[in-house]
Amino acid sequence: MLPEEDTDFTLVDEDLEEYTVKYLPANKGMSGGWRGFSNAHNLKPQDALIFHLTKDTEFKVYIVRGEAESERENDEEESQEVLVRKRNARLKIMIQEQEFFKLRNDSIRRDREMMMKKLESMSSQDDQVKSDLAASSINALSLE
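Residues numbered from 1 in each chain as written. Predicted model: local features only at pLDDT ≥ 70, side-chain atom pairs only at ≥ 80, totals over all residues. Heavy atoms only, no water.

K.L.:
Mind showing me how you'd approach the pairing of strand β2 (residues 18–24) here?
P.N.:
Within a regular strand, the side chains alternate between the two sheet faces. Judged from the six bridges that link them, strand β1 (residues 7–12) and β2 form a sheet pairing that is antiparallel. For T7, the partnering residue across the bridge sits in β2 and is Y23. The hairpin formed by β1 and β2 contains five residues between the paired strands, and L16 there has a positive phi angle of roughly 65 degrees. By the bridge criterion, two bridges tie β2 to strand β3 (residues 29–30) in an arrangement that is antiparallel. From the neighbouring strand, Y23 faces β3, where its bridge partner is M30. (Pairing = 2+ DSSP bridges. Helix = DSSP H or I, 4+ residues; strand = E, 2+ residues; numbered from the N terminus.)

Shown next as structure tokens:
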């Protein structure tokens, strides 16, 4: 879940370059630093971005390039079919990476739940020992 107050986020691109941006929940968008990210990646209106939340304040950003009219006209060597195959291959890689992160996060979550159960078990065992000690103390006092 995204924070409810202005927060600095790190955007990590496909080359693992990091960019700091300010997330503004009131505007439901990013500010300070976004223009630098956008310019560094030569983003165009037809490009699609996938933001994968990998940490509390970090997104892995995948860029799927759209096809501009001028690019389509200038690029006679690549057929539409080849362009579609390339885009689909990139999307498939992105989905595989997201599945990997999901599996890793699920594994971390399961490990955390196991540890919490162990801690709760230890705590209840401690409570039982304390209860037994109190009962034996009461019994010892009543025997005197």
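Read on, since the account is not over.
K.L.:
Explain the pattern of salt bridges here, please?
P.N.:
Where charged atoms from two side chains of opposite charge approach closely, those side chains can pair. According to the stated counting rule, one finds five salt bridges in the structure shown. The closest approach of N and O atoms between K22 and D8, which form a salt bridge, is 3.2 Å. Separated by 14 residues along the polypeptide, K22 in strand β2 and D8 in strand β1 bring together distant segments of the chain. Since its relative accessible area comes to 30%, K22 is described here as partly exposed. Here D106 ties to R109 by a salt bridge, and the two come within 2.8 Å at their closest N and O atoms. Here D106 pairs with R109, and both are found in helix α3 (residues 80–143), just three residues apart, close to one helical turn. (Salt bridge = Lys/Arg side-chain N within 4 Å of Asp/Glu carboxyl O. Buried < 20%, exposed > 50% of the residue type's maximum accessible area, 1.4 Å probe, protein only.)

K.L.:
Just checking my understanding: could you explain unusual backbone geometry for this structure?
P.N.:
Peptide bonds are trans in most cases, and residues, glycine excluded, mostly fall at negative phi. Phi angles above zero are rare outside glycine, and K28 is one such case at about 55 degrees. Positionally, K28 belongs in the loop between β2 and β3. Backbone geometry at N42 places phi at a positive 50 degrees, although glycine is not the residue there. One can find N42 in the loop between α1 (34–40) and β4 (48–55). The partly exposed category is assigned to N42, whose relative accessible area is 48%.

K.L.:
Would you mind going over the side chain of D13 with me for this structure?
P.N.:
Among the secondary structure elements, D13 is positioned in the loop between β1 and β2. Although D13 is buried, it makes no salt bridge; K60 carries the closest opposite charge, 6.3 Å away. A distance of 2.8 Å separates a polar atom in the side chain of D13 from the backbone nitrogen of E17. Excluding anything up to four places from it in sequence, D13 contacts Y19, F37, H41, K60 and V61. (Lys, Arg positive; Asp, Glu negative; His and termini not counted. Polar contact = N/O pair within 3.5 Å; in protein donor to acceptor, adjacent residues only side chain to side chain. Contact = heavy atoms within 4.5 Å.)

K.L.:
What is the right way to read the packing of aromatic side chains from this model?
P.N.:
For any two aromatic rings, the description comes down to two numbers: the centre-to-centre distance and the angle of the planes. Counted according to the given criterion, the structure contains six aromatic pairs. Look at W34 and F37: their rings are 5.3 Å apart centre to centre, the planes differ by 25 degrees, and that puts the pair in the stacked class. Pair noted here: W34 and F37 are both in helix α1, with a separation of three residues, about one helical turn. The exposure class of F37 is buried, given its relative accessible area of 0%. Ring-pair connections join several aromatic residues into one group, and the members of that group are F9, Y19, Y23, W34, F37, F51 and F59. (Phe/Tyr/Trp six-rings, centres within 6.5 Å; stacked < 30°, edge-to-face > 60°.)

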